[in-house]
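# Fold and geometry: a report
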Amino acid sequence: MTKAEVITKISDMTGIQKDDVTQTVEAFFSVVKESMSEGENIYVRGFGSFINKKRAKKIARNISKNTAIVIDEHYIPAFKPSKVFIEKIKNSNKIKELAPQE
């Protein structure tokens, strides 16, 4: 599902104009990006957490040149779904239908 499809679905569910939903969704994404870039995590009860994960310093190898590269400690954005969200997916009949049969 694309962002445009999500916006259309929200608009259909709520009766709010697509332009207003688009502005709200874009504002939400801006707040998430800005807050996380400032080191803040975002917790949405019943949905999940947008968190900054710390990656340790490590040495990587460039196989083609046979050289070592030092990758400094850094942070990456991550999403951790809530237990409620995980259970909803686990118990979804649609997902079970898509799963390969053994």
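Residues numbered from 1 in each chain as written. Predicted model: local features only at pLDDT ≥ 70, side-chain atom pairs only at ≥ 80, totals over all residues. Heavy atoms only, no water.

The name an unreviewed UniProt entry gives the protein is Integration host factor subunit beta, with Algoriphagus kandeliae as the organism.

### Some words on the domain arrangement of the protein
We note that the domain assignment places domain 1 (1–40) and domain 2 (49–101) within the protein. Each of domain 1 and domain 2 was reduced to a C-alpha centroid, and the two centroids are 23 Å apart. Facing the five residues of domain 1 at the interface are five residues of domain 2. Summing both sides of the interface, domain 1 and domain 2 together bury roughly 340 Å²; the carbon and sulfur share of this comes to 68%. Here domain 1 and domain 2 share zero salt bridges between them. If you look at where domain 1 meets domain 2, you find one residue pair in polar contact (both at pLDDT 80 or more). Classifying every residue of the side of domain 1 that touches domain 2 gives three nonpolar, one polar and one charged. (Domains from an automatic or database assignment. Contact = heavy atoms within 4.5 Å. Buried area = accessible area lost by both parts, 1.4 Å probe. Salt bridge = Lys/Arg side-chain N within 4 Å of Asp/Glu carboxyl O. Polar contact = N/O pair within 3.5 Å; in protein donor to acceptor, adjacent residues only side chain to side chain. Nonpolar A, V, L, I, M, F, W, Y, C, P; charged D, E, K, R; others polar.)

### Looking at the side chain of Ser 49
Checked against the element boundaries, Ser 49 lands in strand β2 (residues 48–55). Contacts of Ser 49, omitting those with residues within four sequence positions, involve Ile 42, Tyr 43, Ala 78, Phe 79 and Lys 80. (Helix = DSSP H or I, 4+ residues; strand = E, 2+ residues; numbered from the N terminus.)

### Remarks on the sheet that holds strand β5 (residues 74–81)
In a beta sheet, neighbouring strands are held together by backbone hydrogen bonds and run either parallel or antiparallel to one another. On the basis of which strands lie adjacent, the open sheet formed by three strands has the order β1-β2-β5 and antiparallel pairing. Each edge of the sheet is formed by a strand with only one pairing partner; in this case those strands are β1 (42–44) and β5. Sheet twist, expressed as the mean angle between neighbouring strand axes with direction ignored, is 30°. Where β2 and β5 come together, eight bridges link them in antiparallel fashion. Looking at β5, one finds that Lys 53 is bridged to Ile 76. (Pairing = 2+ DSSP bridges. Axes fitted to C-alpha atoms, helices over the stretch in contact; angles between N-to-C directions.)

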